[in-house]
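Structural overview for review
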Amino acid sequence: MADAYEVNKDRLWSTLQFLGKIGQDKRGGVTRLSLTEPDMAARAYVEGLMKEAGLTVRRDEAGNLIGRLEGDRPGLPAVMTGSHIDTVVQAGIFDGALGVLGGIEALRTVKERGIRHRHPLEVVCFTDEEGVRFGVGYLGSRAMAGAWTGEWLDAADDRGITLREAFERAGLDPERIANARREKKTVKAYVELHIEQGRVLEERQAPIGMATAIYGHCWLRVTLKGRADHAGTTPMALRRDPAAAAAEALLAAERTALRYGGVATVGTMSLAPGAINVIPGEASFTVDLRHDDSATLQRMKRDLCGEIHAVCKRRRLEPVIDVLDEEAPVSCGPAVLEAIEQSCRASGIPVQALVCGAGHDAAAIRGLCEVGMILVRSRDGISHHPSEWSSPDDCAAGANVLLNALLKLANRT
Ligand SMILES: [Zn+2]
């Protein structure tokens, strides 16, 4: 444990518990959709914590809360950490919250102990990471990275409240969101602490993981058009059955993922008209392809589309394949990886490299600076659910690695 600083484990745990009560219902689920009352109450709590930690706090034009600790050389770019406190519906208390509270705890420890650092340190609580309410995820981090587009302002929640109105109600000017953009020269690196939300670390019996990359994704909607016919009077040879073709396509997606070492998921599927005694005329399904290498992800898409076309040709069907969304993978930065690795070693924690499967604010921030992620073991890999759990020891271990990694980055020229 020679060169490693440690955060206050009990204080971190008690802030996690306190924040977890805001927006929590009787069954233990937390619902803090972005810019709703519980989210605003949670932000007020986080802002108070930042101030208590001795940080200079400001709210930028996208509503991101930023706590800053000046370094020995104030003009240098900041070393940044952060995450989000908005949640999905009926969430747990760790997703996002650990990164914000762990970041505040890390900076608070630096301040309390008077630890010297050259670069300024910042912790950010980003606005609307989950994207549940308006369908626009990574809102605050994208705005900070300069990827805000005004088109999103008209997106509405299920009560018809638009993003524009929600911003106004929160006391923010929706026309100024783009001004949250930071210049590249003001940020040196970004390290995010987050629960793993998967089972890899638990399998490896490791408390902490270091993401080497964040999966990119390609989302497809596939519609196969055939011919609806009577299930009894149409012999097999005369059929143009899109359901059978969809089954072949699903297996092709699985083979593609296995061949390239990525993942593929068919999460929705529907048949029309949809009756037990009718051969469907149309099958439609979505495919979620993910990989940590950009070129390989494109190859997965190309191969799968090729196979679907071949199946359709053989079965005399017409395929329509639309790309719904595409996001390139993120490679974590070498300086950040080195800092995390050294911090794990200094704290006596084995270094576990893994690819981060879920999307995070770090992915959006990559346009601004080098990024990296410290992942904390999740019990049973459960997330976005009230039974989401990471132990006090694991949470503190993650915050310790974060603290030391931030200091290493902040003292490196
Ligand atoms: Zn999250």
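Residues numbered from 1 in each chain as written. Predicted model: local features only at pLDDT ≥ 70, side-chain atom pairs only at ≥ 80, totals over all residues. Heavy atoms only, no water.

**So, unusual backbone geometry**
To keep things clear, this is the line we draw: Every helix listed is a DSSP run of H or I at least four residues long, and every strand listed is a run of E at least two residues long, numbered separately from the N terminus.
A cis amide bond links alanine 272 to the next residue, proline 273, at an omega of 0°. Inspection of the secondary structure assignment puts proline 273 in the loop between strand S10 (269-272) and strand S11 (278-279). Even without a glycine there, the phi angle at glutamine 197 is positive, about 65°. Not every positive phi belongs to a glycine, and arginine 316 is a case in point at roughly 60°. Looking at the element boundaries, arginine 316 is found in the loop between helix H8 (294-315) and strand S13 (318-327).

**Considerations on the pairing of strand S6 (residues 208-214)**
We apply this condition: For each residue, the accessible area found with a 1.4 Å probe, counting protein chains only, is set against the maximum for its type, and the residue is called buried under 20%, exposed over 50%, and partly exposed in between. One bridge is not enough; two strands pair if DSSP finds at least two bridges between them.
For S6, the tally of buried residues reaches 6 of 7 residues, placing the bulk of the element in the interior. The pairing of S6 with strand S15 (residues 353-356) spans 4 bridges and is classified as parallel. The residue bridging alanine 211 from the neighbouring strand is leucine 354, located in S15. Two elements, S6 and strand S14 (residues 330-331), share 2 bridges in a ladder whose sense is antiparallel. Residue pairing in the sheet places alanine 213 in a bridge with serine 331 of S14.

**Quick notes on the pattern of salt bridges**
Here is the rule we go by: Between Lys or Arg on one side and Asp or Glu on the other, a salt bridge is scored when a side-chain nitrogen of the former is within 4 Å of a carboxyl oxygen of the latter.
As enumerated under the stated definition, the model contains 26 salt bridges in all. Arginine 176 is the salt-bridge partner of glutamate 61, the closest N and O atoms lying 3.4 Å from each other. Of the two residues, glutamate 61 is situated in the loop between strand S1 (56-59) and strand S2 (65-69) and arginine 176 in the loop between helix H5 (163-169) and strand S5 (187-195); the sequence distance between them amounts to 115 residues. Two residues, glutamate 307 and arginine 255, come together in a salt bridge whose shortest N-O distance is 2.9 Å. Taken as a pair, glutamate 307 in helix H8 and arginine 255 in helix H7 (residues 242-260) lie far apart in primary sequence, 52 residues in all. Glutamate 307 sits in the partly exposed class, given a relative accessible area of 23%. You can call arginine 255 partly exposed: its relative accessible area is 42%. Connected via shared salt-bridge partners are Arg11, Glu52, Glu105, Arg108 and Glu112.

**Describing the coordination of the zinc ion**
As a reminder of what qualifies: A donor here means any N, O or S atom no more than 2.8 Å from the metal (3.2 Å for Na, K and Ca); water is not included, so a site may seem to lack partners.
For the zinc ion, the full set of protein donor atoms is His84 (NE2), Asp95 (OD) and His194 (NE2), and the range of their distances to it is 2.0 to 2.2 Å. Positions of the donor residues of the zinc ion, expressed as sequence spacing, correspond to H-x10-D-x98-H. Here the residue histidine 84 occupies a position in strand S3 (residues 78-84), and aspartate 95 occupies one in the loop between S3 and helix H3 (97-113), the gap between them amounting to 11 residues. Summarising the burial analysis for this pair, histidine 84 and aspartate 95 share the class buried.

**Some thoughts on the domain arrangement of the protein**
In plain terms, the rule: Start and end points for every domain follow an automatic or database-based domain assignment. Only heavy atoms matter for contacts: two residues are in contact if any of them lie within 4.5 Å across the pair. In short, buried area is how much 1.4 Å probe accessible area vanishes from two parts on joining, totalled over both.
Taken domain by domain, the protein holds domain 1 (9-214 + 329-410) and domain 2 (216-327). Averaged C-alpha coordinates put domain 1 and domain 2 at centres separated by 37 Å. Listed as interface residues are 6 residues of domain 1 and, on the opposing side, 8 residues of domain 2. Buried surface at the junction of domain 1 and domain 2, both sides included, amounts to about 530 Å², of which 50% is carbon and sulfur.

**Focus: the environment of serine 83**
Selection rule: Polar contacts here mean pairs of N or O atoms no more than 3.5 Å apart (in protein, one a potential hydrogen donor and the other a potential acceptor; neighbouring residues in sequence count only if both atoms are side-chain atoms).
In this structure, serine 83 sits in strand S3. Sequence spacing of serine 83 and glutamate 318 is 235 residues, and the spatial spacing of their C-alpha atoms is 44 Å. Beyond its immediate stretch of four places on either side in the chain, serine 83 contacts Gly96, Gly99, Val100, Val124, Cys125, Phe126, Tyr190, Glu192, Leu193, His194 and Asp361. From its side chain, serine 83 meets the backbone oxygen of glycine 96 in a polar contact 3.5 Å long. Within the structure, the side chain of serine 83 is placed 2.8 Å from the side chain of glutamate 192, a separation counted as a polar contact.

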